[in-house]
Amino acid sequence: MISQVVNGLMLGSLYALITLGYALVLGILGIFNMAHAEIFMGGAVLGWLMITKWHLSLAFVVPAVMIGGVALGVITEFFCVRRSVRAGSFFVPAATTIGFGLILISLVQNIAGTNPLPISVPFQFTQVQLGNTSFPLVSIIVFFTSLIVLAVLAYYLKGTSLGLATRAVGENPEVSQLLGLNATRIVQITFGISGLIGTLSGLVFGIMAGAAHPHLGEVAGLKGICLVVIGGMGSIPGAVIAAFIGGMAEVMTAIYWEAKYVDGVLWLIMFAILLFRPLGLMGKAEELERLQ
Amino acid sequence: MIEIFLTPLFLDLLGINILFAVSLYIPSACGQYSFGHCGLIGLGAYLSGAMTTLMGLPFPLAMIAGMVISSLAGMLFSAIGLKSKDAYAAIMTLALAQIAVVAFKAIPATGGVMGFLVTPIVKPFMVWIGVLVCLGFTYRLENSRLGRTFEAIKVSNKVSATLGLNTTYFKVLAFGIGGAMAGLAGVFYAHSISWIEPQSFAVWLTVTAFTYVLVGGSETMWGAVGGAVLLTFLLEFVRFATAWRLFIYGILIIVVLNFRPTGLITRENVHSVGRFFTRIGGFVLRRTE
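Draft legend 1. Examining the overall build of chain B more closely. Helix and strand content of chain B: 13 helices and two strands. For 289 residues, the compact-globule formula gives about 19 Å, and the C-alpha radius of gyration of chain B, at 19 Å, lands near that figure. The dimensions of chain B, computed from C-alpha atoms along their principal axes, are 65 × 55 × 40 Å. Counting all 289 residues of chain B, 52% fall into the buried class.

Right, dumping it as structure tokens:
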């Protein structure tokens, strides 16, 4: 039982990592970045490319994947968001980023094939003994990675002037521009950070699952949107709490119900949450106004 | 060349694509977008397929059941999403699509992940009767009081609410109508492709319909129809395009939305075609007098 709770926490920390990327762009800026799921997939595929194909050391792979994530995020912003966000409807950037996601999926499918792409690291099956139960080392790494990312992100948003500017642009782009902020540049930076978190979570997921797959984003990546909605729009603590609840719920479903229902559980939770609490767990009504 | 296009399967596919595009266009005419039409088309396909093949019920009954269940599912999920925000209706339909795929995989009677074989009952003429009826309905809808209401809500939610329209009611209604058409497309899909599996109804199927509507033009229903026809023919023409289908769709969506947000066929185009025919009609009338 204890080990299942710990498994739930580990999965929850992975989901927290996926969700943070969404929470930045969707929750703070109010822009739907549907390509984030595919950036997540791209992180896993980059991991496969560098670890399995090129046999690079992990000390090089992790920063390289993060830089790749920044690049993907900035490209998404430049081609899909900069022009279309002026249309005034949430749907236009959502559709263009879906288009970018399709391009990424198609590239991976045509270059690497549709089969699962194996990723293996030396410590893949290492178990760590804690008390009388043992846990995979990979899960513990995931847990601490997401804690570190969470702490850095929280400091960035609350403690630095750039984070303050990001929140101001999310609050009201026109007024923040009048006050001398370069809103375009700040949106670009936010997309870069979100892409970094996206590929990092993809890499971590790929190492944890042992394989990457072109359709990874569709199943695992899209859950980030669901968790942001459960947690409440614009609330990073809410998103993290939702991620841990979601991770626990999936593990419990796999044990007490059936493993084949696992992928639907989060969406059912979202259905129930929106039915009884339309703002999400920790959302505020004024945060919702950011979405067009 | 022409014989490729006249195969029954291609005609079926063209009709189904047009239906699917129009079913997505109807909520968008009311300012609502759905990421979950793949779930709606899947619900229609699975229910009707199970009814005709596994239970041996007559096809018309299965068709009506498929339309009703998709319509009800669309209305239920959009209504819950609309409790908080317009954009949430789109996310709720995404939830519908994901839950539907998981459910299709989990039901053993319909073959689980493998899918199952449906008796191919549908002939191309049946699909095209369905398409014509739906297009006629949508044409009448656009020019009716209800269609004008949808347009008012699309242009400004706040103003139409201030003028006393129950906007949530009309949005849910739009999802219901669109859902019924998506269900019909699913019924035809199941009974003409005759092999349905959960993976066919994955989230990215919606993107196909998005591309039809966005490339064709989202202002009138002729845009959705034109986009569906154009892209279906394009993919059939260009053989290498099958592998790079998603890539082409992605590029098309980005280019069209960035540089021609109205799509290829705008309302002005449709009106000018109308004026052209009016002019010809006037000319013919003068000659006969």
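Draft legend 2. Region of the structure containing the overall build of chain A. When its secondary structure is counted, chain A shows 13 helices and four strands. A globule of 292 residues ought to have a C-alpha radius of gyration of about 19 Å, and chain A, at 19 Å, matches this closely. Looking at chain A as a whole, 53% of its 292 residues qualify as buried. Restricting the contact set of chain A to residue pairs at least 6 apart, pairs at least 24 apart contribute 78%.

Draft legend 3. Structural detail: the interface of chain B and chain A. Facing 36 residues of chain B, the contacting portion of chain A comprises 38 residues. Ranked by residues supplied to the side of chain B that touches chain A, first place goes to helix H5 (residues 86-106) of chain B with 12 residues. A per-class count over the side of chain B that touches chain A returns 28 nonpolar, five polar and three charged.

Draft legend 4. The arrangement of the environment of isoleucine 245 of chain A in detail. By the secondary structure assignment, isoleucine 245 of chain A is in helix H11 (residues 236-256). When the C-alpha atoms of isoleucine 245 of chain A and glycine 264 of chain A are compared, they prove to be 14 Å apart, with 19 residues separating the residues in sequence.

Draft legend 5. Spatial organisation of the nonpolar core. In this structure, Met270 of chain A together with Leu19, Ala21, Val22, Ala95, Met181 and Ala185 of chain B are the most contacted members of the largest nonpolar core, which totals 184 residues. Ranked by residues supplied to this core, first place goes to helix H1 (residues 2-29) of chain A with 15 residues. Among all residues touching valine 22 of chain B, those that are not within four sequence positions of it are Cys134, Leu135, Thr138, Met181, Met221, Ala224 and Val225 of chain B.

Draft legend 6. Representation of the pairing of strand S2 (residues 127-130) of chain A. All names here are of chain A. Inspection of the sheet shows S2 paired to strand S3 (residues 133-136) by four bridges, in the antiparallel sense. Bridge pairing links valine 128 to phenylalanine 135 in S3. Counting the residues between successive antiparallel strands, the hairpin from S2 to S3 contains two residues, one of them, glycine 131, with a positive phi of roughly 65°.

Draft legend 7. Highlighting the confidence of the model for chain B. Averaged over all residues, the pLDDT of chain B is 87; the fraction at 70 or higher stands at 97%. What the predictor reports for the complex is a pTM of 0.88 with an ipTM of 0.85.

Draft legend 8. Looking closely at H1 of chain A. Residue and element names in this part refer to chain A. Its 28 residues place the ends of H1 39 Å apart at the C-alpha level, agreeing with the 40 Å of an ideal helix rising 1.5 Å per residue. Bending of H1 peaks at approximately 40° at the position of alanine 23. Burial analysis of H1 places 22 of its 28 residues in the buried class, which makes it a mostly covered element. Backbone geometry just after H1 places glycine 30 at a positive phi near 75°.

Draft legend 9. Structural context of unusual backbone geometry. Positive phi, normally seen in glycine, also occurs at histidine 55 of chain A, with a value near 55°. Backbone geometry places serine 194 of chain B, a non-glycine residue, at a positive phi of 70°. Along the chain, the position of serine 194 of chain B falls in the loop between helix H9 (167-193) and strand S2 (195-196).

Draft legend 10. Highlighting the environment of valine 169 of chain A. Residues and elements named next belong to chain A. Structurally, valine 169 is set in helix H6 (residues 161-171). A tally of 25 C-beta atoms within 10 Å means that valine 169 is categorised as buried. If we ignore the near neighbours within four places in the chain, the residues touching valine 169 are Leu29, Ser176, Leu181, Ala183, Ile186 and Val187.

Draft legend 11. Region of interest: the packing of helix H3 (residues 58-81) of chain A against helix H4 (residues 91-112) of chain A. Residue and element names in this part refer to chain A. Relative orientation of the contacting elements H3 and H4 amounts to 125°, with a least axis distance of 9 Å. By the angle between their axes, H3 is oblique relative to H4. Every pair of crossing elements has a handedness; the one defined by H3 and H4 is right-handed. Residue-level inspection shows Thr76, Phe79, Cys80 and Val81 of H3 in contact with H4, the latter providing Pro93, Thr96, Thr97, Gly99 and Phe100. Across the contact of H3 with H4, the residue classes break down as five nonpolar, four polar and no charged.

Draft legend 12. How the structure looks around H5 of chain B. Helix length check: H5 of chain B (21 residues) gives 31 Å between terminal C-alpha atoms against 30 Å at 1.5 Å per residue, within 8%. Counting buried positions over the 21 residues of H5 of chain B gives 18, a clear majority of the element.

Draft legend 13. How the structure looks around the environment of leucine 230 of chain B. All names here are of chain B. Position of leucine 230 relative to the elements: it lies in helix H11 (residues 221-237). Assessed through the 15 C-beta atoms surrounding it within 10 Å, leucine 230 is described here as partly exposed. Between the C-alpha atoms of leucine 230 and isoleucine 248, which are 18 residues apart in sequence, the distance is 13 Å.

Rules behind the numbers
- Residues numbered from 1 in each chain as written.
- Chains lettered and ligands numbered in written order.
- Predicted model: local features only at pLDDT ≥ 70, side-chain atom pairs only at ≥ 80, totals over all residues.
- Helix = DSSP H or I, 4+ residues; strand = E, 2+ residues; numbered from the N terminus.
- Rg over C-alpha atoms; globule rule 2.2 N^0.38 Å.
- Buried ≥ 20, exposed ≤ 12 C-beta atoms within 10 Å, placed from the backbone.
- Contact = placed C-beta atoms within 7 Å.
- Nonpolar A, V, L, I, M, F, W, Y, C, P; charged D, E, K, R; others polar.
- Core = buried A, V, L, I, M, F, W, Y, C linked by C-beta atoms within 7 Å.
- Pairing = 2+ DSSP bridges.
- pLDDT = per-residue confidence, 0-100.
- Expected span 1.5 Å × (residues − 1).
- Bend = angle between axes of the 7 residues up to and from the residue.
- Axes fitted to C-alpha atoms, helices over the stretch in contact; angles between N-to-C directions.
- Parallel < 35°, antiparallel > 145°, perpendicular 65-115°, else oblique.
- Left-handed = near helix turned anticlockwise from the far one by under 90°.

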